[in-house]
Structure formats: structure tokens, C-alpha cells
Amino acid sequence: MIGFGVKIFFSKSSVPSNKAISKKNFVSDFFSIVFLTLINPPVILAFLAIFTGLGLYRVTSLLEQFSIILGILLGSIFSWAIICLCFAGYKKNATRKIMSWINLSAGVFLAGFGFAACISAILLVA
């Protein structure tokens, strides 16, 4: 993660050209991202870990099972809708300065998490 963060930090920013901007609508973007998230194995494993940690595997009635699944579905849809709405105008309004700021922020964020993970691993061994 540290290497990936450093690479992003020092990468050159590029502004999406008008050709690169797709004419897809918000709904299409939303469902494509939801689909990609749902087929991501770490997401599936995270849900399994959360279910196990909270003891949700002990749910017995059909109504309880349905309410848990519905809650996860509605929460996921709501969070993805907020994310998509926040970044809906990103492609149209992106300038080189904004893209540079995003690269710098993401690089520092990723490298910081990688550094924290290394320190945490060292402290666990010691």
C-alpha cells in the first residue's frame, strides 16, 4: 500500500477528455458500481465476518432473515446513491488542479494506511 500510495502521489494528473466522458446516465453508473461491488470477494468475506461477529447466523425466523437482508440492501443502495450523487459532476468539472489534488490526497491516504499497517504489525510481533 505504501508503494501504491507513493505511485499515485507522484503520478501526473490527467483531465478526462470529452471523448472519455461517457453519455451514461446516473442509474446506469449506479447499478454498474453496485454489481462490481457485489461480485468483489473481499466484500463477500467482509459480510460473512460481520454476520459471524454479530451472531446473525443464529437468526431463526423467516421474518428476521428477510429484515436483515432488506436492511443491508437498503443501506447499500442509500450509501451508493449518496456517493454517486456527490461525484455525479466530477467528469464534467474536473480540472488538472482538482485531479492533482485528488492524486496527492489519495497517495498520502494510501501510504499513511500502509505505514500504519506496518507499524501495527511490528507492534504485534514485539
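Residues numbered from 1 in each chain as written. Predicted model: local features only at pLDDT ≥ 70, side-chain atom pairs only at ≥ 80, totals over all residues. Heavy atoms only, no water.

Student: It is not clear to me how the environment of Ile-77 should be interpreted in this structure. Could you clarify?
Tutor: Mapped onto the elements of the fold, Ile-77 is located in helix 4 (residues 62-86). Judged by relative accessible area, Ile-77 falls into the partly exposed class, the value being 35%. Along the sequence, Ile-77 and Phe-31 sit 46 residues apart, while their C-alpha atoms lie 9.4 Å from each other. (Helix = DSSP H or I, 4+ residues; strand = E, 2+ residues; numbered from the N terminus. Buried < 20%, exposed > 50% of the residue type's maximum accessible area, 1.4 Å probe, protein only.)

Student: Hey, could you run me through a nonpolar patch on the surface in this one?
Tutor: A grouping of Ile-2, Val-6, Phe-9, Phe-10, Leu-104, Val-108, Phe-115, Ile-119, Ile-122 and Leu-123 is seen on the molecular surface, where their side chains present a nonpolar patch of about 940 Å² in accessible area. Those elements giving two or more residues to the nonpolar patch turn out to be helix 1 (2-10) and helix 6 (96-125). The element best represented in the nonpolar patch is helix 6, accounting for six residues. Among the structural elements, Ile-122 can be located in helix 6. With a relative accessible area of 54%, Ile-122 lands in the exposed category. (Patch = residues over 30% accessible without salt bridge, like charges linked within 9 Å, V, L, I, M, F, W, Y side chains within 5 Å. Areas by Shrake-Rupley, 256 points an atom, 1.4 Å probe, with all protein chains shown as cover. Salt bridge = Lys/Arg side-chain N within 4 Å of Asp/Glu carboxyl O.)

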